[in-house]
2 protein chains.
Amino acid sequence: MHKNHVTLKDIARIAGVSTATVSLALAGDPRVNVKTRRQVEEIARRLKYVPNEIGRSLRARKAETIALIFPNTPHNAFSHPYFVQLLEGITEVVVRHSFHLLVSTSPTESDEAASYDKILRNRRADGIILWPSSIKDDNIGRIVESGFPVVYLGKWHRGDVLTVERDDFGGAYMATEHLIRKGRKRIAHITGPLDFQVSIERLEGYKKALLDRGMPYDPDLVVEADFTMESGHDAIVRMQKAGLEYDAVFAGNDRMAIGAMKALQSFGRRIPEDVAVVGCDNIEMATMTIPALTTIHQPMREIGTIAAEKLIRTLTGQPVEPKQTVVPAELVVRESCGGEDR
Amino acid sequence: MHKNHVTLKDIARIAGVSTATVSLALAGDPRVNVKTRRQVEEIARRLKYVPNEIGRSLRARKAETIALIFPNTPHNAFSHPYFVQLLEGITEVVVRHSFHLLVSTSPTESDEAASYDKILRNRRADGIILWPSSIKDDNIGRIVESGFPVVYLGKWHRGDVLTVERDDFGGAYMATEHLIRKGRKRIAHITGPLDFQVSIERLEGYKKALLDRGMPYDPDLVVEADFTMESGHDAIVRMQKAGLEYDAVFAGNDRMAIGAMKALQSFGRRIPEDVAVVGCDNIEMATMTIPALTTIHQPMREIGTIAAEKLIRTLTGQPVEPKQTVVPAELVVRESCGGEDR
DNA sequence: CAATGAATTTAAATCGATTTAAATAACGCT
DNA sequence: AGCGTTATTTAAATCGATTTAAATTCATTG
């Protein structure tokens, strides 16, 4: 084991004053005599005193800690391509405010409710950032509306809950609009599984862009896949077999877009001359394909910083405006979408 | 704000007993009367009592929390391809033992020392998992040898510090050996920056494999790059310009390997017929190149679970054997390394 | 020098749970 | 009933820091 902790009491004993004086001195309270304060500071420095934050937290009734919570489902946060960037954004803000970050998953589905409750009530954290489960979940509702400080990463309808969300709809709209501007007339869309909200949002954005430009929406050109590269590949194969005509593909994520590109190339269709392709997510690999993939970038790091800022502002009693933030997506133009109109 | 916390005192008042009895009852202590215990449990359930862990921690002098710490350098953990998997492994174990995980970076270079010290002494965490800085760092030494419970993710020479490390040397050895077995005679090596330990390990593994098979080590075939795809590309260009002959390339990571593949293909060299390529890391993209990239997989998730297990065993007073663990790398054979000997 | 007010310091309570030693209650037995 | 046991319960201390109200010291002035 290692040596014991230096406490206020130790400093008080050595300085020959009370712990109250030491506490006030180290807090820079003007009530303590300058000479006394200097002496206390000196001793604290010499003993390498570091306040025990557990003791402090107990008294202050706050932990200066926020928690990032996500359910431990199969399609969980760990498999999200940009979880790390979210975490990086959160971390940056947390460190800047001298807060701590607790990372927490709910262990099993069954006692998920209990687990959330504990995190909410055991006072380890003062507030939480909630990464939504893909599954519809009443417990999340209960937490979000419990009044406990929460920032929800997604859309929340009832009440004025703090939220930060990606603009999946807007991103898809931008992607589709871009293809239209490039003169594409028949734009196919490969969706992710349609029981994911993100897939629905992107489909709607695609539809709206077509509508706004007076282009027909053809359900035959929409094929559902499952986010994997293989499924993107298969989607194109199916479309080819069905004899469909199209001059562009907007895919619901980059993996599917890359699979689609491979399939298109195997059918001898040139990208972007014959078919333009746009993806979503801006994963690293999108820069490395030939041609490099045009895609929609979702600024996850920024979502992290905004979420953490909102939560910490709430905890420190500062006003938070707006309650809901939609972080705009960005179109990243590369070679796969056609340089010039045809 | 939200309503106040239910405390032991509340339960005690309602049950008409002392807080001591409540505490003992909820802990299942046999000294309390079964009837009393039942009643206390019932009230606790009705009030949704959740113990305040801050209070408990203060008394118990432990936080049931471990911290994952990494320095906030430019080449930090967030940019490591497998940080997420490490985190996932750690999280799994932490949850299983009902511990908490604190994720922490040191804010700036300058007060890195102070920052470490704080985390060590402020009692927020009982022990730490330390992700090494790329930079040589005396503070890390101080922590590791302070006697504070630490698991170091890397090689540590002095003392019997707990460590878990990847086998960079062994992975490179396996990769090179595989190429030799495939009949390759002149194997080039594209290294990462040689001020990174990982680059040196992999270079040494490469050398050793050649040596063990009686093959000459030719320094001209070793070129330094910087882990990026572009630098891998440039490395091949330089080698071609220098008129070097080689029939295989072992790259210090997958990104450089992919860059190298592109460059090779642009020079009209076929993969794997003319040149075999092997990478390191097994990033997702390695499955998507044409041909798919043979590579070395480092089981980061397992490193995470082992590290967390070691730390928690230490904290709970269980023996930990062995102190040092080297997690073996795995060769993932795909198409880029030549199916048959020539 | 005493009185008044200002400057410092400190005793004690508090946060919430745990634990130990001591007190009280209940029980069995002669 | 009285005594020795055993079963339950509880008062009080503790963890470490903060904070308030009260106590003390110091300085100033009439």
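Structure: see above.
Everything numeric in this text was worked out from a predicted model, so none of it was measured.

Draft legend 1. Summary view of the interface of chain A and chain B. Contacts between the two partners involve 37 residues from chain A, matched on the other side by 37 residues from chain B. Listing elements by their share of the side of chain A that touches chain B, those giving two or more residues are helix H4 (53-60), helix H5 (83-96), strand S2 (100-106) and helix H6 (112-121) of chain A. Here the residues of the side of chain A that touches chain B sort into 18 nonpolar, 11 polar and 8 charged.

Draft legend 2. Structural view of helix H8 (residues 168-181) of chain B. All names here are of chain B. Helix length check: H8 (14 residues) gives 20 Å between terminal C-alpha atoms against 20 Å at 1.5 Å per residue, within 8%. All buried positions along H8 are accounted for by Asp168, Phe169, Gly171, Ala172, Tyr173, Ala175, Thr176, His178 and Leu179. Where H8 terminates, the next one or two residues include Gly183, which has phi positive at roughly 90°.

Draft legend 3. Representation of the protein's contact with DNA strand D within the structure. Around DNA strand D, the surrounding shell holds 25 residues, and the nearest of these are Thr7, Ala20, Asn52 and Gly55 of chain A together with Ala20 of chain B. For the surface near DNA strand D, the secondary-structure elements that each account for two or more residues are helix H2 (19-26) and H4 of chain A together with helix H2 (19-26) and helix H4 (53-60) of chain B. Split by residue class, the surface near DNA strand D holds 10 nonpolar, 10 polar and 5 charged.

Draft legend 4. Representation of the sheet that holds strand S6 (residues 187-191) of chain A in the model. Residues and elements named next belong to chain A. Reading across from one edge, S7-S6-S8-S9 is the order of the 4 strands in this open sheet, with parallel pairing throughout. Because the sheet does not close on itself, it has two edges, and the strands there are strand S7 (222-224) and strand S9 (276-278). Neighbour-to-neighbour, the strand axes of the sheet open up by a mean angle of 15°, direction not taken into account. For S6 and strand S8 (residues 248-251), the ladder comprises 4 bridges, and the chain directions are parallel. Counterpart to Ile187 in the pairing with S8 is Ala248.

Draft legend 5. Spatial organisation of the protein's contact with DNA strand C. By nearness alone, 26 residues border DNA strand C, and Ala20 of chain A together with Thr7, Ala20, Asn52 and Gly55 of chain B come closest of all. Those elements that place two or more of their residues in the surface near DNA strand C are H2 and H4 of chain A together with H2 and H4 of chain B. The greatest single-element share of the surface near DNA strand C, amounting to 5 residues, is contributed by H4 of chain B. Looking at the surface near DNA strand C residue by residue, the class counts come to 11 nonpolar, 10 polar and 5 charged.

Reading the values: rules and limits
Residues numbered from 1 in each chain as written. Chains lettered and ligands numbered in written order. Predicted model: local features only at pLDDT ≥ 70, side-chain atom pairs only at ≥ 80, totals over all residues. Contact = placed C-beta atoms within 7 Å. Helix = DSSP H or I, 4+ residues; strand = E, 2+ residues; numbered from the N terminus. Nonpolar A, V, L, I, M, F, W, Y, C, P; charged D, E, K, R; others polar. Expected span 1.5 Å × (residues − 1). Buried ≥ 20, exposed ≤ 12 C-beta atoms within 10 Å, placed from the backbone. Near = placed C-beta within 6 Å. Pairing = 2+ DSSP bridges. Axes fitted to C-alpha atoms, helices over the stretch in contact; angles between N-to-C directions.

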